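Results of the structural survey
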There are 2 protein chains.
Amino acid sequence: MAVKRSMSSGSITINDIAKMLGISKSTVSRALSEHSDVNAETRHKVLELARKLNYTPNALALNLKQQRTNTIGVLIPETVNRFFAKAIGGIQRVANLAGYNVMICQSDESFVTERSNLRSLLTAHVDGVLVSVSAETDRTDHFQILLDKNIPVVFFDRITEELNTSRVYTDNYEIAFEGTEHLISQGCQRIAIVAGPQNLYNSRYRLKGYMDALRKHNLPVKENYIVQSHFRGGTVEDYTRQLINLPQRPDAIFAINDFAAIEMMHVIKKNGLRIPQDIAILGFNNETICRFVEPALTSIDMSAYDMGSEAAALLLDQIKGNRDPQLRLIKSRLVIRESTHLKG
Amino acid sequence: MAVKRSMSSGSITINDIAKMLGISKSTVSRALSEHSDVNAETRHKVLELARKLNYTPNALALNLKQQRTNTIGVLIPETVNRFFAKAIGGIQRVANLAGYNVMICQSDESFVTERSNLRSLLTAHVDGVLVSVSAETDRTDHFQILLDKNIPVVFFDRITEELNTSRVYTDNYEIAFEGTEHLISQGCQRIAIVAGPQNLYNSRYRLKGYMDALRKHNLPVKENYIVQSHFRGGTVEDYTRQLINLPQRPDAIFAINDFAAIEMMHVIKKNGLRIPQDIAILGFNNETICRFVEPALTSIDMSAYDMGSEAAALLLDQIKGNRDPQLRLIKSRLVIRESTHLKG
DNA sequence: ATGAAAGCGCTAACAG
DNA sequence: CTGTTAGCGCTTTCAT
């Protein structure tokens, strides 16, 4: 018997199988679904033929029927940001194991793009969304649309506390506190910090941790030791110069990330200062490269992969079971190397 | 009048609009489609109401009807590989502007995962696929399924020449030749290379360019100056030691990428050798960080973003117009810095 | 210019 | 255990 294919899609459908077997398509559907009651022999014939014809269910039909897509959306600032590149790894792993696809959008740190991405994900009918907000994002009403439509949202890393959603975050306050105390323990007294945009949860708490650590040790919190950065490149050299030219030059700088830290080290050395003797440097993210620059860079390890996989797991939980929002703290870890090593 | 919503999806459908206006859904569909003949007044009423109710067409229904998804699949080795992270940026930009979503899969450099990802993309009914093959991939029959189903495929960077598809690639041979000649011009005579897996197009041609440059200048091609690497971390220190402990120590190393190069520099300096005086180092990818390591790293700029956007553009061309496969060469560029600067 | 009806591929309620 | 029917939301003939 010649294999007759339905015209349009070029793929085998349950209709094809039904006709070839002289049964109804509902029976085929049941036989394929493995849990409905179907005569053993019929089932066998169906499965056999399906296998032979290499039948695969048309996901588009299922999507329409069930109004879901087995796809989760991921909305992040940038894939070139290594933290997020790693987080994607964790997300994909968890999602794929559960049979979900992943649709990634980048806001490029822009609020407008973030909102527009959200609309795209909505249009694509993703079953849930993982979000890390852009550097510009200072409100969260655009996420309300998702919640109104009962689409689960999980924030990770750059989270918001304004919405009642699951969140995966790190102990920004504590780790910034610890990092600052470490600098103090090395004898640093004039500690500067490059702080991210204060609309971001992470940046706020890190700054707070830094300030509280100074206060605890009776060190002054000085305005001109606090630099605002917006993650945009091209400004590191500027603010580094600015800092090292202060009348009271800082003896330590807590950088916003490792790449900025390494660029700062470069500028500092070019200006004839030594690291860590003149200025100690503390980074953020613990990139592999920290071990290979000179001096090796002290940094904070964020478990990006784990944050991604944990966030994905929480999201899938909610998609499936409709559980209540959960919070997950993934602890960061201070990794001490030469760039802050002054004592002991 | 109370807004009545269809029960299931919670969203407004053309049926809702039709009922509220007392017309048929086909008329609504036509009015919305902007090009069919519809009475001006009727159209106006439909558009008005659609706007008021915030109507958006259900993409899942369209997908089923048209058997397409306005989604392109992207199959790459790893997002943590910065080349691909950047390429994704270019891909997304072009795709989003054209109204397409992007579904990303990572092979993690595994052939098996690559093949399995391909099946996922097929199941998701993506309209086309962008591919950069894994380090393990040494055959291409798994891509044939896509071509059989008339799903356009565009290879970029890690391409294959075995299939009749569009390709976006760089001038691996020429740039490796140029890089090697540059090292020779600086007086290097014993040039080692860290070569990638030889099943990869890029690795093969780069090695060839390196060898031909040596031959052109009557320098011997020596087996033990050619290191095989598989992109896996944790081996850089090993092969670097191996190279610098050769009886005839190389006076230059052409590295496989910048991060490997920087790690090599670290190992070399730890062993008391100077760069570039004892050993010159040439990287690949021209990461931002090349400027900030010491000495600043000579590297090869690959225009990752452009390769991504060009590949996406070719793919969309084919999805829409069904044009013939095209080839696009994106030239790489040698960026000379201190790590190879010996003369002039 | 508009409505009725069919169909994309699948599931599920209902009837037998 | 199985067939019939309806329906997910939309487009597109085919009538009128």
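Residues numbered from 1 in each chain as written. Chains lettered and ligands numbered in written order. Predicted model: local features only at pLDDT ≥ 70, side-chain atom pairs only at ≥ 80, totals over all residues. Heavy atoms only, no water.

Going by the annotation in an unreviewed UniProt entry, the name recorded for chain A is LacI family transcriptional regulator, with Dawidia soli given as the source organism.

**Digging into the sheet that holds strand β7 (residues 226-228) of chain A**
Residue and element names in this part refer to chain A. Read across the sheet, 4 strands follow the order β7-β6-β8-β9 without closing on themselves; strand pairing throughout is parallel. Pairing within the sheet leaves two strands with one partner each, and these edge strands are β7 and β9 (280-282). Strand-to-strand twist in this sheet, taken as the mean axis angle between neighbours without regard to direction, amounts to 15 degrees. In terms of strand pairing, strand β8 (residues 252-254) meets β9 through 3 bridges, oriented parallel. Residue pairing in the sheet places isoleucine 253 in a bridge with isoleucine 281 of β9. Against the sheet, helix α9 (residues 201-216) touches β6 (191-195) and β7, its axis set at about 170 degrees to β6. (Pairing = 2+ DSSP bridges. Helix = DSSP H or I, 4+ residues; strand = E, 2+ residues; numbered from the N terminus. Axes fitted to C-alpha atoms, helices over the stretch in contact; angles between N-to-C directions. Contact = heavy atoms within 4.5 Å.)

**What about the sheet that holds strand β6 (residues 191-195) of chain B?**
Residue and element names in this part refer to chain B. Read from one edge of the open sheet, 4 strands run β7-β6-β8-β9, paired in parallel fashion. Each edge of the open sheet carries a strand with a single partner, namely β7 (226-228) and β9 (280-282). In this sheet, adjacent strand axes meet at a mean angle of 15 degrees when their direction is disregarded. Strands β6, β8 (252-254) and β9 of the sheet are contacted by helix α11 (residues 258-270), whose axis makes an angle of about 165 degrees with β9.

**Description of the protein's contact with DNA strand D**
By nearness alone, 26 residues border DNA strand D, and Ser26, Thr27 and Arg30 of chain A together with Lys25 and Tyr55 of chain B come closest of all. Sugar plus phosphate, as a fraction of atoms of DNA strand D within 4 Å of the protein: 58%. Within the side chain of threonine 27 of chain A, an N or O atom sits 2.5 Å from a phosphate oxygen of DNA strand D. A distance of 2.9 Å separates a base nitrogen of DNA strand D from a polar atom in the side chain of lysine 65 of chain A. Elements with a contribution of two residues or more to the surface near DNA strand D: α2 (25-33) and α4 (59-66) of chain A together with α2 (25-33) and α4 (59-66) of chain B. Here the element with the most residues in the surface near DNA strand D is α2 of chain B; it accounts for 4 residues. When the residues that make up the surface near DNA strand D are grouped by side-chain class, the tally is 8 nonpolar, 12 polar and 6 charged. (Near = heavy atom within 4 Å. Polar contact = N/O pair within 3.5 Å; in protein donor to acceptor, adjacent residues only side chain to side chain. Nonpolar A, V, L, I, M, F, W, Y, C, P; charged D, E, K, R; others polar.)

**Considerations on the interface of chain A and chain B**
Taken together, the contacts link 40 residues of chain A with 40 residues of chain B. Between chain A and chain B, the buried area comes to about 3,600 Å², and carbon and sulfur atoms account for 59% of it. Between chain A and chain B we count 2 salt bridges in total. Note that glutamate 294 of chain B and lysine 269 of chain A form a salt bridge whose closest N and O atoms lie 3.1 Å from each other. Connecting chain A to chain B are 12 residue pairs in polar contact (both at pLDDT 80 or more). Only α4, α5 (82-97), β2 (101-106), α6 (111-123) and α11 (258-270) of chain A provide two or more residues apiece to the side of chain A that touches chain B. (Buried area = accessible area lost by both parts, 1.4 Å probe. Salt bridge = Lys/Arg side-chain N within 4 Å of Asp/Glu carboxyl O.)

**Describing the packing of helix α5 (residues 82-97) of chain B against helix α12 (residues 304-321) of chain B**
All names here are of chain B. Across the interface, α5 lies against α12 with an axial gap of 7 Å and an inter-helix angle of 40 degrees. Compared by their axis directions, α5 and α12 come out oblique. Both α5 and α12 take part in a crossing whose hand is right-handed. Residues Phe83, Lys86, Ala87, Gly89, Gly90, Ile91, Arg93, Val94 and Ala95 of α5 form the contact with α12, whose participating residues are Ala304, Tyr305, Met307, Gly308, Ser309, Ala312, Ala313 and Leu316. Considered class by class, the residues forming the contact of α5 with α12 number 11 nonpolar, 4 polar and 2 charged. (Parallel < 35°, antiparallel > 145°, perpendicular 65-115°, else oblique. Left-handed = near helix turned anticlockwise from the far one by under 90°.)

**Section: the domain arrangement of chain A**
Residues and elements named next belong to chain A. Domain annotation of chain A identifies domain 1 (2-56), domain 2 (61-170 + 303-330) and domain 3 (172-302). Relative to domain 3, the C-alpha centre of domain 2 lies at a distance of 30 Å. Contacts between the two partners involve 20 residues from domain 2 and, on the opposite side, 14 residues from domain 3. When the two sides are added together, the surface that domain 2 and domain 3 hide from each other amounts to roughly 1,500 Å², 44% of it contributed by carbon and sulfur. In terms of surface lost to domain 3, no three residues of domain 2 exceed Arg82, Ala135 and Thr170, which account for 32% of the buried area on that side. Connecting domain 2 to domain 3 are 2 salt bridges. Close ionic contact of glutamate 287 with arginine 82 constitutes a salt bridge, the shortest N to O distance being 2.5 Å. Linking domain 2 with domain 3 are 8 residue pairs in polar contact (both at pLDDT 80 or more), by the criterion used here. Residue assignment for the side of domain 2 that touches domain 3 shows that the elements contributing at least two residues are α5, β5 (166-170) and α12 (304-321). (Domains from an automatic or database assignment.)

**Considering the side chain of asparagine 286 of chain A**
All names here are of chain A. You can see asparagine 286 is positioned in the loop between β9 and β10 (299-301). Of the polar contacts made by the side chain of asparagine 286, one reaches the side chain of arginine 337; its length is 2.9 Å. Those residues in contact with asparagine 286, other than ones at most four positions away along the chain, are Asp258, Ser299, Ile300, Asp301, Arg333, Val335 and Arg337.

**As for unusual backbone geometry**
Backbone geometry follows two general trends: most residues other than glycine have a negative phi, and most peptide bonds adopt the trans configuration. Residue proline 295 of chain A is bonded to the preceding glutamate 294 of chain A through a cis peptide linkage, with omega at -5 degrees. Within the element layout of this structure, proline 295 of chain A appears in the loop between β9 and β10. Here the phi dihedral of glutamate 109 of chain A falls at roughly 65 degrees; this positive angle occurs in a residue that is not glycine. By the element assignment, glutamate 109 of chain A lies in the loop between β2 and α6. Using a relative accessible area of 3% as the deciding quantity, one classes glutamate 109 of chain A as buried. Even without being a glycine, glutamine 67 of chain B presents a positive backbone phi close to 50 degrees. As for its placement among the helices and strands, glutamine 67 of chain B is situated in the loop between α4 and β1 (71-76). On the basis of relative accessible area, glutamine 67 of chain B is assigned to the partly exposed category, the value being 28%. (Buried < 20%, exposed > 50% of the residue type's maximum accessible area, 1.4 Å probe, protein only.)

**A short note on the UniProt feature "domain: HTH cro/C1-type" (unreviewed entry) in chain A**
In the numbering used here, UniProt assigns the "domain: HTH cro/C1-type" (unreviewed entry) feature to residues 12-60 of chain A. As annotated, residues 12-60 of chain A has a helix share of 67% and a strand share of 0%, and its two end C-alpha atoms lie 14 Å apart. (UniProt positions renumbered as here; feature names shortened; annotations may be inferred.)

**Observations concerning the packing of α4 of chain A against α4 of chain B**
Contact pair α4 of chain A / α4 of chain B: the axes reach a minimum separation of 8 Å and the direction vectors enclose 150 degrees. The angle between α4 of chain A and α4 of chain B falls in the class roughly antiparallel. Here α4 of chain A runs over α4 of chain B; the crossing is left-handed. Counted together, Leu60, Ala61, Asn63 and Leu64 of chain A of α4 of chain A and Leu60, Ala61, Asn63 and Leu64 of chain B of α4 of chain B form the full contact between these two elements.

**Things to note about helix α1 (residues 14-21) of chain B**
Restricting attention to buried positions, one finds in α1 of chain B the residues Asp16, Ile17 and Ala18 of chain B. Of the surrounding elements, those touching the buried residues of α1 of chain B are α2 and α3 (40-53) of chain B.

**Digging into the packing of aromatic side chains**
Under the definition given, this model contains 14 aromatic pairs over all chains. Summarising the aromatic geometry, the rings of phenylalanine 84 of chain A and phenylalanine 156 of chain A are spaced 6.3 Å apart at their centres and angled 75 degrees between planes, so their arrangement reads as edge-to-face. In this pair, phenylalanine 84 of chain A is assigned in helix α5 and phenylalanine 156 of chain A in strand β4 (residues 153-156), connecting sequence segments 72 residues apart. With respect to class, phenylalanine 84 of chain A is no different from phenylalanine 156 of chain A; both count as buried. Consider the rings of tyrosine 173 of chain A and phenylalanine 177 of chain A, whose centres lie 6.1 Å apart with planes at 35 degrees: the pair is tilted. Here phenylalanine 177 of chain A and tyrosine 173 of chain A lie together in helix α8 (residues 172-185), a separation of 4 residues that amounts to about one turn. Cluster of aromatic residues (ring-pair linked, three or more members): Phe83, Phe84 and Phe156 of chain A. Lying across the ring of phenylalanine 284 of chain A, arginine 206 of chain A places its NZ or CZ 3.7 Å from the centre. The cationic tip of lysine 208 of chain B hangs over the ring face of tyrosine 205 of chain B; the distance from NZ or CZ to the ring centre is 4.7 Å. (Phe/Tyr/Trp six-rings, centres within 6.5 Å; stacked < 30°, edge-to-face > 60°. Lys NZ or Arg CZ within 6 Å of the ring centre and 35° of its normal.)

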